Each structure stands twice: as C-alpha cells, then as structure tokens.
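Listed below, chain by chain, are the residues.
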Amino acid sequence: MRAWADRPREAAALLNPALMAVISANGAIQYERQSSQAMPWHLAFLIAPLVLHKGTREALPRDTRTHLSTWITDNAVIRAGFPQRAQALTEHVREGLRFGMANRMLTVTGDGGLLGTLAATAKPIKAGDAAQIVRASGLVGKWFTRVDQPTTLFALFGVAP
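What you see is a predicted model, and the numbers here were worked out from it, not measured in a lab.

**Q** Which parts of the structure should I look at to understand the packing of aromatic side chains?
**A** Within a pair of aromatic rings, the relevant descriptors are the distance that separates the centres and the angle that separates the planes. Taken as a whole and judged by the stated rule, the model has three aromatic pairs. When the centroid spacing of 5.4 Å and the interplanar angle of 80° are considered together, the rings of Trp-71 and Trp-143 count as edge-to-face. Note that Trp-71 is positioned in helix α5 (residues 68-74) and Trp-143 in helix α7 (residues 128-144), a separation of 72 residues in sequence. Residues Trp-71 and Trp-143 agree in their burial class; the two are buried.

Here you go:
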C-alpha cells in the first residue's frame, strides 16, 4: 500500500480504511441477520467492487428477490469488468478489514466467519455516494445468503478466492 500522504486525494477519500471497514461490517451484519451465520470473510472482497463502482451499484437490484445468476446474465458488461475491479481493490479491502478488526467493527470467528458491529451511537450517513455505498453493502450482504456456497459466488463473478 502507498503511504497515506502519497495517495491521490480522490482515492484516499473513497478507498479509506474506515469506509472499507464499514462496507464489510454492514455486509456482514446483514448477512448474519438474513442467515443467522457469520459471513465467510472472503466475501468482503466481492462486496467492495460491487458497491464502490457507481455503474455496478446503480445496476444492483432493489431487493434480494432477483436471483444473482439472472442479474449477472442481464449485466454481462458489469460482470466483464468485475475481475479487474476486484483485483484493484484487494489491498484496500485488506486494509479495511485490518482497520475494522483493530477498531472492533469486525471480528473473525474461529471458523473463518466475519461478524460486523457498527456503533448504535454513530451518526448515520444520510446522503451522497457514501450513503448509497453503505446501503448497497447491506443489500449485497443479504443477497449473498441466497447462494449456497461462497465458491459459487466467486465463480459467477469470474474471480478466485
């Protein structure tokens, strides 16, 4: 990772460890609410490229009734660029996971699950891209519970865990 001061201003604002941690935590919280299980930790690497890329985020369904494989088929252009976006975000997601664990927003369970906690006293983000990103991360966390195996998710998006 580049030193913080050496990062382009836009990248530092959008890809900061705190936001990356919130994305993973909210996805994990919603995954757990929907399935009563911790989210497999490596799914955080799929959530970020889905919600940070504006075109992808705007193409996400409104709810989890849309089957993921149908959505991917209907959005072939988005799926085609996904592996590159996921790879470009890998280090940022790792940095966010470390930040989240250090600040008790994220916990890894003994079996590799990821649990999220967001402080009830924290001010919610109500408007702008950040609010849309956080909302989308929750939707994606819920959506991922509808697929039986995490490896299926990686295969659908054309990436490897």
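**Q** Before we go on, may I ask you to explain helix α6 (residues 76-102) in this structure?
**A** One turn of the α-helix equals 3.6 residues, which is why residues spaced by three or four share an orientation. With 27 residues, α6 ought to run about 39 Å at 1.5 Å a step, and its terminal C-alpha atoms sit 37 Å apart, in line with that. The largest bend in α6 is about 45°, located at Thr-90. In the stretch just after α6, Arg-104 is the one whose phi turns positive, near 60°.

**Q** Explain the layout of surface pockets to me, please; I cannot follow it from the model alone.
**A** The calculated volume of the second largest pocket comes to roughly 310 Å³. The wall of the second largest pocket is formed by 14 residues, among which Pro-61, Gln-132, Arg-135, Ala-136 and Leu-139 lie closest to the centre. Residues that form the lining of the second largest pocket fall into these classes: four nonpolar, five polar and five charged.

**Q** It is not clear to me how the packing of helix α3 (residues 44-52) against α7 should be interpreted in this structure. Could you clarify?
**A** Two elements in contact, α3 and α7, have axes separated by 9 Å at closest approach and are oriented at 135°. On the basis of their axis angle, the class for α3 and α7 is oblique. Where α3 crosses over α7, the two elements pack in a sense that is right-handed. Contact residues: Leu-46, Ile-47, Leu-50, Val-51 and Leu-52 in α3; Ile-133, Ala-136, Ser-137, Val-140 and Phe-144 in α7. The residue makeup of the contact of α3 with α7, split by class, is nine nonpolar, one polar and no charged.

**Q** For this particular structure, what's the right way to read the nonpolar core?
**A** Looking at soluble globular proteins, one finds that nonpolar side chains tend to be buried together. Counting 43 residues, the largest nonpolar core has Val-51, Leu-52, Trp-71, Phe-144 and Phe-157 as the members making the most contacts within it. Counting only elements with at least two residues in this core, the list comes to α2 (17-35), α3, α5, α6, α7 and α8 (150-157). The contact partners of Leu-52, leaving out residues within four places of it in the chain, are Leu-14, Leu-15, Met-20, Ile-23, Arg-57, Leu-89 and Ile-133.

Analysis parameters
- Residues numbered from 1 in each chain as written.
- Predicted model: local features only at pLDDT ≥ 70, side-chain atom pairs only at ≥ 80, totals over all residues.
- Heavy atoms only, no water.
- Phe/Tyr/Trp six-rings, centres within 6.5 Å; stacked < 30°, edge-to-face > 60°.
- Helix = DSSP H or I, 4+ residues; strand = E, 2+ residues; numbered from the N terminus.
- Buried < 20%, exposed > 50% of the residue type's maximum accessible area, 1.4 Å probe, protein only.
- Expected span 1.5 Å × (residues − 1).
- Bend = angle between axes of the 7 residues up to and from the residue.
- 1 Å grid on protein atoms, 1.4 Å probe; cavity = no way out; pocket = protein on both sides within 12 Å on 5 of 7 lines; lining within 4 Å.
- Points joined across faces, edges and corners; volume = space filled by probe spheres on them.
- Nonpolar A, V, L, I, M, F, W, Y, C, P; charged D, E, K, R; others polar.
- Axes fitted to C-alpha atoms, helices over the stretch in contact; angles between N-to-C directions.
- Parallel < 35°, antiparallel > 145°, perpendicular 65-115°, else oblique.
- Left-handed = near helix turned anticlockwise from the far one by under 90°.
- Contact = heavy atoms within 4.5 Å.
- Core = buried A, V, L, I, M, F, W, Y, C linked by side-chain atoms within 4.5 Å.

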